[in-house]
Amino acid sequence: MALSAKLVPNDALGALGAERDGLTSAEAAKRIEEYGPNEIPVIETPIWKMILSQFVGTMPVMLEVSCVISAAAGDWPDFFVILAMVLVNAALGFREEMKAKNALAELTNQMESSIPCLRDGQTQSLPVSKLVPGDVTHLRGGALTPADVEWLEGDVLTIDTAALTGEPLPRKYPSEEYGKLILSGTTVKSGEAYCVVRLTGTNTEIGQGQADIMADRQTAAVSVFEQRVMVVVNIIISLAVLDAICIVLVQGLVRNGFDEDFKGTLLTALSILIAAVPIALPLVLQVTMAIGAYRMATDHHAIVTRMSALQDIASMDVLCSDKTGTLTTAKMSINLEKIWTAKKEGFNAVDPYLYRAPNQELAQQQMLLVMGILASNPDKKDDAIDGALLRAWDKMKQEQGDAPGKMKEGYEQLDLTGFNPEVKRTVATVKRLYDDRKLIVAKGLCSKVMDTSSGGQDSGKLQWTCEECKEEGFLEMVQKTDQELSSAGYKTIAVAAGIEGEGMHFLGLLPMIDPPRYDTAITVRRLMDAGVEVKMITGDHLNIAIETARMVGMATNILPGEATREGGHTGDETIRQSGGFAQVLPRDKRECVLALQRSYELVVGMTGDGVNDAPALSAAQCGIAVEDATDAAKNAAAMILTTEGLSAVFGAVVESRKIFARLFSYVSYRLAATIQILLYLSILVYVFDCTLDPLYVILLALFNDVTMIPVAEDRQTAAAEPQHAMIGHLIGFSMTLGVFQSVASIIFYLCMDMGLVKGIESHTKTGHYPTSVHAQNAIWLQVSIAAEFLIFSARSPGLFFFSRPSTELFISTMLGNVLSTLLAVYAFPEPLDAQECLIVWAYDLCALLAVDLAKMVYKFIHEAGDAGIIDEYELALEDESLKKEDESQPPVDPEAKLRSVRESMKMMQQNSMRLSQKGRSSMKFFATGQQRSSRIMSQSSSMANKSFTKMRSSMVYGDDLRKRTPASIRFK
């Protein structure tokens, strides 16, 4: 059933006869001008609203209120500084939000689906948005209906209309009850057919209500992680408010501040309150995730469909991977020499004259492949099974002369019922030309081709049991042959045929090899080294799954899919302990995901590509649609791969953990800096009666916000274990940095009159510690530089000098320090001289090292299980030595390919064993924080006692990043 074939008459088309052959490019260009693109217009946020939004929110409003209070008090210097603070943060926020918005818009464009379409008489793959009324498209199981289309030719389609109607039961099209018109946004569950586009874009049934839907999609969504961080920030701000009130009462009532300097007392408390507001924190969180998502798409070929996926991937404990196309190449190759034929009586029923062939065995092999070709769709050259048969057919004709071609010329395919996951076979009606008799030809899973009731009655239109199955010992012989081939790594496709109305005959097995990708073994090892357990979940034969697992270094304790159906604790334990499952049903995949989540609280990733994978992809925290996945799989997934293989998943793991490290380092830094400022300045006021000029504190807060913006693009390392959002750990880590920074600042203050700062008399003579303007200048410079330096400790997994920051962050931080120094020397009253500034710089560097050591003590005590970081330099060297292979074509010599894979795996295991025997250096802890190996052998380590919070992050632009075509809209 070729796409260019004459389409069957369709009464609904009326006089539109020419439309049956599709459109020309010129006609399509005219219609897209007339009807517009097949997409739902996105409601864009006006620029003026984006600008105004920078001034709305708890933290901006606090600064604006402070600005008003300063003006009311007549403190114009502070007023203009606070106003500048508000405007600078708004400008930076607008700039970064536009940058993030543009990056996400580019990701959205990359996620647009494509569909086979007839243009200029040729099959083309077109973006869904380019469809126009009159286009002829090809729909098959797993595809989302891209527009309102009308059925033309092919199978009766089973359509899931739940997205539109809410009905759980699928509908059949065409049918007397529902007609031929299939609405956009529905999903093809099974069958293949050609359809003509009737309505597109906002003219579709679902598109007419797009305004309300798009308005809902634009609603801001705040991540759980950000919510928890903001709770901590609000607690700190609340404590700062109480602190400010206490300062007002102490200064005003105890120290007569209300009578002597009411304005100064009020502004001192207000300045401390301003310093406690991390105004840039939400902005940095959002921009970091947006830039990280963009990098993941451009550098690692992994596009996130929602921002929550970024944290989910970083937290992933277990990856349930499909085999075909992910662990293997999906470029299947049929070994012509190993084609196994059954009894000759079956072939005689198909061709009574086949016995005349001089080489009976060769003739039967040729006829077996001819029948397989007749049960295939010639338009599906990119399909794993049909493509393999078509390539094998070309190879057979090339190697064996004209005989195969002449044999096929005696048959004509009349119709074909496409493959669907339930019946696991394709069925064709074929005419034998020399006597016009009709044959039924089937190919598919061996058990379902021999007996369609195997494993339970299915929904296939035709049901049978092959005649040979009635013979004693035949079934066992086929099963033995199938197992022998699968044990050698071969997947088998069974073929049966028979005269219509008579019995079916089992013809034989076509052995196909689907070798592992050249980089699968290395990627599996890297994922395990990164603390991610990899399980194989496949519908393929158990023996094939075990052999593939052995070749790629995965656990070989793979069980049949029925083991997932035990239920209860026993079933969950089986799922946890196994290396994977084979011969699974769609519900088995979902059960694997749910069991790991409910019983072990694991963050689970699942790869898939078909409509049958969608339930499992939706259930997993990190559903991953592999390249060329169906629309249904992409719609259910949190991440879409744009390249083949598992290596993109590892790249996404590395990048997502870097994103998490950036978020954690900035949040911990900002909380630590806030704790330091509040604690230190409060101690100065309460204990030493030393108040800083509000201008100092406001400038300190401004510098902290502006100079830290580049942290969103910081050079970070990826942790060697899953990263879970543990707020308790975040608070403990931040308090460690903040408290020790405060201690360092207090020591500096106590030592100022010992020669660190000139012109300050000893407190033993004056009776009090320094409070002069010159002393305040020194205090401000010390706190300002120390707060800037603190980011280098917060961002490093080990000692700060082992981890190089990004150039932008380093320059921004140092410019902030230089500007602070210039202000202290040239702008402030009673300025510091160069020597005093050098002393402050030297002291803060020493304090940074001391705080960093305190951090390492904290990590040693509270992070005893830290696995360190992923060494990307070693990975790059390994990649350079890895011989890349061309996997765009199937292997010419399947047996040689298998031998090569097994030898490579053996060498890699020997190298891994040799490396694991090397002792870890004690310096590893100080450089990377590593205290243990992250290697996962058969299951993730120490899961029972792991406590974590599952993050669900999302951008303020809306959580779903998919392009808005009529098919992508989903009602909630």
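Bear in mind that the values here come from a model prediction, so they are computed numbers and not experimental data.

Visitor: Which parts of the structure should I look at to understand helix α9 (residues 262-275)?
Guide: An α-helix turns once per 3.6 residues; consequently, residues spaced three or four apart project the same way. The terminal C-alpha atoms of α9 lie 20 Å apart, and with 14 residues this matches the ideal 20 Å at 1.5 Å per residue to within 8%. Judged by how many residues are buried, α9 sits mostly within the fold: 11 of 14 residues are covered. Along α9, the residues classified as buried are G264, T265, L267, T268, A269, L270, S271, I272, L273, I274 and A275.

Visitor: Just to check I follow, could you spell out a nonpolar patch on the surface for this structure?
Guide: A contiguous nonpolar patch, built from V231, I235, L239, V241, L242, I245, L249, L253 and V254 and spanning about 830 Å² of accessible area, is present on the exposed surface. Topologically, V241 is positioned in helix α7 (residues 224-254). Since its relative accessible area comes to 32%, V241 is described here as partly exposed.

Visitor: Teacher, can you tell me more about the sheet that holds strand β1 (residues 114-119) here?
Guide: Strand pairing in a sheet is mediated by backbone hydrogen bonds. Such pairs are either parallel or antiparallel. Spatially, β2-β1-β3-β9-β4-β7 is the arrangement adopted by the 6 strands of the open sheet, whose pairing is antiparallel. This sheet does not close on itself; its edge strands, each paired only once, are β2 (122-127) and β7 (181-182). Sheet analysis places strand β4 (residues 148-154) next to strand β9 (residues 192-199), joined by 6 bridges and oriented antiparallel. Bridge pairing in β9 links V149 to V197.

Visitor: I keep staring at the packing of aromatic side chains and nothing clicks. Help me out?
Guide: The geometry of an aromatic ring pair is captured by the separation of the ring centres together with the interplanar angle, meaning the angle of the planes. For the coordinates displayed, the defined rule picks out 18 aromatic pairs. Summarising the aromatic geometry, the rings of Y353 and Y434 are spaced 5.7 Å apart at their centres and angled 65 degrees between planes, so their arrangement reads as edge-to-face. Highlighted residues: Y353 in the loop between α13 (344-350) and α14 (360-374) and Y434 in the loop between β15 (425-432) and β16 (437-444), separated in sequence by 81 residues. In this structure Y353 comes out as partly exposed when scored by relative accessible area, which is 42%. An angle of 35 degrees between the planes, with centres 6.1 Å apart, marks the rings of F792 and F810 as tilted. A residue pair is termed long-range when its members are at least 10 positions apart, and F792 in helix α29 (residues 773-794) and F810 in helix α30 (residues 807-827) qualify at 18 residues. Cluster of aromatic residues (ring-pair linked, three or more members): F660, F664, F733 and Y858. The ring of W464 carries R425 above its face, with NZ or CZ at 5.3 Å from the centroid.

Visitor: Just checking my understanding: could you explain the nonpolar core for this structure?
Guide: Soluble globular proteins: nonpolar side chains tend toward being buried together. Membership of the largest hydrophobic core comes to 150 residues, with the highest contact counts inside it found for M296, M639, Y669, M752, I779 and W780. Sorting elements by how many residues they give to this core places helix α25 (residues 647-688) first, with 23 residues. Apart from the residues lying within four places of it in its own chain, the contact partners of M296 are H301, A302, V304, L310, I313, M639, A652, E655, S656 and I659. With 37 residues, the next largest nonpolar core counts I334, M371, A392 and I499 among its residues.

Visitor: Just checking my understanding: could you explain the pattern of salt bridges for this structure?
Guide: Oppositely charged side chains can pair when the atoms bearing their charge come close. Taken as a whole and assessed by the stated rule, the structure comprises 24 salt bridges. Of the charged contacts in the structure, one is a salt bridge between R425 and D458, with a shortest N-O distance of 2.9 Å. Taken together, the positions of R425 in strand β15 and D458 in the loop between α17 (446-450) and α18 (474-487) put the pair 33 residues apart, joining distant regions of the chain. Each member of the pair, R425 as well as D458, is classed as buried. We note a salt bridge from E644 to R517, for which the minimum N-O separation is 3.3 Å. Here R517 lies in the loop between β18 (505-513) and α19 (520-529) and E644 lies in the loop between β24 (639-641) and α25, a separation of 127 residues in the sequence. Here E644 falls in the partly exposed class, since its relative accessible area comes to 32%. Note on R517: relative accessible area 5%, which makes it buried. Connected through shared salt-bridge partners, R425, K448 and D458 make up one network.

Rules and cut-offs
- Residues numbered from 1 in each chain as written.
- Predicted model: local features only at pLDDT ≥ 70, side-chain atom pairs only at ≥ 80, totals over all residues.
- Heavy atoms only, no water.
- Helix = DSSP H or I, 4+ residues; strand = E, 2+ residues; numbered from the N terminus.
- Expected span 1.5 Å × (residues − 1).
- Buried < 20%, exposed > 50% of the residue type's maximum accessible area, 1.4 Å probe, protein only.
- Patch = residues over 30% accessible without salt bridge, like charges linked within 9 Å, V, L, I, M, F, W, Y side chains within 5 Å.
- Areas by Shrake-Rupley, 256 points an atom, 1.4 Å probe, with all protein chains shown as cover.
- Salt bridge = Lys/Arg side-chain N within 4 Å of Asp/Glu carboxyl O.
- Pairing = 2+ DSSP bridges.
- Phe/Tyr/Trp six-rings, centres within 6.5 Å; stacked < 30°, edge-to-face > 60°.
- Lys NZ or Arg CZ within 6 Å of the ring centre and 35° of its normal.
- Core = buried A, V, L, I, M, F, W, Y, C linked by side-chain atoms within 4.5 Å.
- Contact = heavy atoms within 4.5 Å.

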